[in-house]
Amino acid sequence: KGRQGSATALQISVGDSELQLSHCEEIPGLAACASAREKLTCLLPSQEGRLFALVEVNAVSVFRHPEGQALAATASLQLPSTGLGYEVLGAAATDHVVAALTPTELVWSTVDLTAHPKQRPAPKKKASQEKLPMGIDREALLRMLDMRGED
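The following paragraphs examine the structure supplied in this document. These figures come from a predicted structure and were not determined experimentally.

The rules behind the values
- Every residue gets a number counted from 1 within its own chain, in the order that chain's sequence is written.
- With the structure being a predicted model, the display of local features is reserved for residues of pLDDT at least 70 and the display and counting of side-chain atom pairs for 80 or more, all residues being used for whole-chain, interface and lining totals.
- Side-chain measures here rest on the full set of heavy atoms in the structure, leaving out hydrogens and waters.
- By salt bridge we mean one thing: a side-chain nitrogen of Lys or Arg within 4 Å of a carboxyl oxygen of Asp or Glu.
- Helix numbering and strand numbering both begin at the N terminus, where a helix is a DSSP run of H or I of at least 4 residues and a strand a DSSP run of E of at least 2.
- Residue exposure (1.4 Å probe, protein chains only): buried if accessible area is under 20% of the type maximum, exposed if over 50%, otherwise partly exposed.
- Between any two strands, at least two bridges found by DSSP are needed for them to pair.

1. Regarding the pattern of salt bridges
Phase 1 of the analysis: Across all of its chains, the model carries 2 salt bridges by this definition.
Phase 2 of the analysis: Ionic pairing is found between R37 and E56, a salt bridge with its closest N-O pair at 3.6 Å. Remark: E56 occurs in strand 4 (residues 51-56) and R37 occurs in the loop between helix 1 (30-35) and strand 3 (40-45); sequence separation between them is 19 residues.
Phase 3 of the analysis: We classify E56 as buried; its relative accessible area is 12%.
Phase 4 of the analysis: Notably, a salt bridge pairs E139 with R138, separated by 3.8 Å at the nearest N-O pair.
Phase 5 of the analysis: Among the residues examined, R138 registers a relative accessible area of 27% and is labelled partly exposed.

Structure, rendered in structure tokens:
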């Protein structure tokens, strides 16, 4: 886990006799998404890092890289229901397809990277405590309310 729910994604390549770090990037919100899953078995980034699959014992959730936005697109694979429930034996992710192997079949889905969630509007600023609507005098209102409590 990183600061503010971020995670650091490392891309490592295998050389002739050593591992090489080829890319390192902080991904906002990824650690928060991963830590909310009790049965997380694997976090799979796609080859280009445009999406991430969170693989659990019984589910696969897909999160797109937020790319500076407040919200990122999400999806999940629809896994087949067996008499024993769902079970994910393995998974793979590319920038275009996410797949999961279950005891009965290989489930896969294409990923639409053009989909964008509606962004929430910026929070409205709270009204100043000094100014009340319609020009009402704050001090006069407080005095009036204080006197009313004595009735």
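2. A look at the pairing of strand 8 (residues 97-101)
Phase 1 of the analysis: As paired elements, strand 7 (residues 90-93) and strand 8 share 4 bridges and run antiparallel to each other. The residue bridging A92 from the neighbouring strand is A99, located in strand 8.
Phase 2 of the analysis: Between strand 7 and the antiparallel strand that follows it, strand 8, lie 3 residues.
Phase 3 of the analysis: Pairing of strand 8 with strand 9 (residues 106-110), which is carried by 5 bridges, proceeds in the antiparallel orientation. Residue pairing for strand 9: A99 is matched across the bridge by W108.
Phase 4 of the analysis: In sequence, strand 8 turns back onto strand 9 through a hairpin of 4 residues.

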